[in-house]
Amino acid sequence: MAGSSSNTAGQPNNDPQNASDGLRIVLPAPLASGQQVSAFNGLIIARPTPVSTSAEFLSRTKQIPYDVFINHHGRDTKHTVANSIYTSLHATGFRVFLDKNELKPGDFFPRALEEAMCSASIHIAIFSENYAESPWCLAELAFMLGTGTKIIPIFYHVDPATLRWAIKGKGRYADALSKYEMESSDEHEKKKRYSSEQLQHWKWALHKASFFTGYIINNQE
């Protein structure tokens, strides 16, 4: 992938010892005649029949449904792995949502993000080192889980256990979340910016996502 060295490996997180030469994602639905497939550096995504869209939804939002929504931390992955996935899938004919490429001047981006997540038939969540430092990443993850749409996690220099430990107050993600507990909405008030219920919901979302079968990408020395 762009920005990654040739010694980057992708492997299923349910079998970390079984390393492959690249990232490989295969949707479980069998390919039918006319379905499009994208393959890039071992990444394989077949376009399924959208299950989360409806005529009513499209009429209400007036938006063409996306095939894939990429949830990511911009500073960590926007110009590397996230951009590589976007470019590959987009070139193959998939409609992919990556904020820097899809948001237009004047768009109300919270609404645009929500509509894109609701319309997408697959979500890709890229968990990177600083992922939990972004409230937007965490809010998107919780929202994606709420849609019931399949989520494919990519653990980019992050162990899946880091997501599980957050709910126990341990690890890098837990440290990031603990900062939110001390944040106030106003410097003159003691009202917290994020409620304890919201933070707990984010921890639960991370914990649940850690158990989805996904792929680990690490640079091997």
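Look above for the structure.
Counting restarts for each chain: residues are numbered from 1 in the order of the written sequence. In keeping with the model being predicted, local features are shown solely for residues with a pLDDT of at least 70 and side-chain atom pairs are shown and tallied solely at 80 or more, while totals for entire chains, interfaces and linings include all residues. Calculated side-chain values reflect all of the structure's heavy atoms, with hydrogen atoms and water omitted.

Further remarks concern the packing of aromatic side chains. Any Phe, Tyr or Trp ring, taking Trp's six-membered ring, that has another such ring centre within 6.5 Å forms a pair; planes under 30 degrees apart are called stacked, those over 60 apart edge-to-face, and the others tilted. One pass over the full model with this rule turns up 8 aromatic pairs. With a centroid separation of 5.3 Å and 90° between ring planes, the pair formed by Tyr-66 and Phe-97 is classed as edge-to-face. Taken together, the positions of Tyr-66 in the loop between helix H1 (55–61) and strand S4 (68–71) and Phe-97 in strand S5 (residues 96–97) put the pair 31 residues apart, joining distant regions of the chain. Accessibility classification places Tyr-66 together with Phe-97 in one group, the buried group. These aromatic residues form a ring-pair network of at least three members: Phe-127, Tyr-131, Phe-155 and Tyr-173. Over the face of the ring belonging to Tyr-66 we find Arg-95, whose NZ or CZ atom lies 4.2 Å from the ring centre. Secondary structure follows DSSP: runs of H or I at least 4 residues long count as helices, runs of E at least 2 residues long count as strands, and numbering of each begins at the N terminus. A 1.4 Å probe rolled over the protein chains alone gives each residue an accessible area, and that area as a share of the maximum for its type sets the label: buried under 20%, exposed over 50%, partly exposed in between. Working rule: Lys NZ or Arg CZ, within 6 Å of ring centre, within 35 degrees of ring normal, means a charge sits over the ring.

Looking now at helix H8 (residues 171–182). Expected helix span is computed as 1.5 Å times (number of residues minus one). Over its 12 residues, H8 extends 18 Å from the first C-alpha to the last, a length consistent with the 16 Å expected when each residue adds 1.5 Å. For H8, the full list of buried residues reads Tyr-173, Ala-174, Ala-176, Leu-177 and Tyr-180. Axial view of H8: buried residues confined to an arc of 160°, hence all on one face. Residues count as neighbours in contact if any of their non-hydrogen atoms are within 4.5 Å of one another. If you follow the buried residues of H8, they end up packed against strand S6 (122–127), helix H6 (135–147), helix H7 (160–165) and helix H9 (196–209). Each C-beta atom gives one direction from the helix axis, and the arc is the one those directions make.

Turning our attention to H9. Its 14 residues place the ends of H9 20 Å apart at the C-alpha level, agreeing with the 20 Å of an ideal helix rising 1.5 Å per residue. Restricting attention to buried positions, one finds in H9 the residues Leu-199, Trp-202, Lys-203, Ala-205, Leu-206 and Ala-209. Down the axis of H9, the buried side of the element spans an arc of 155°, and every buried residue falls inside it. The exposed residues of H9 that point more than 90 degrees off its buried face are Ser-196 and Glu-197. Each element contacted by the buried residues of H9 is listed here: S6, H6, strand S7 (151–156), H7 and H8.

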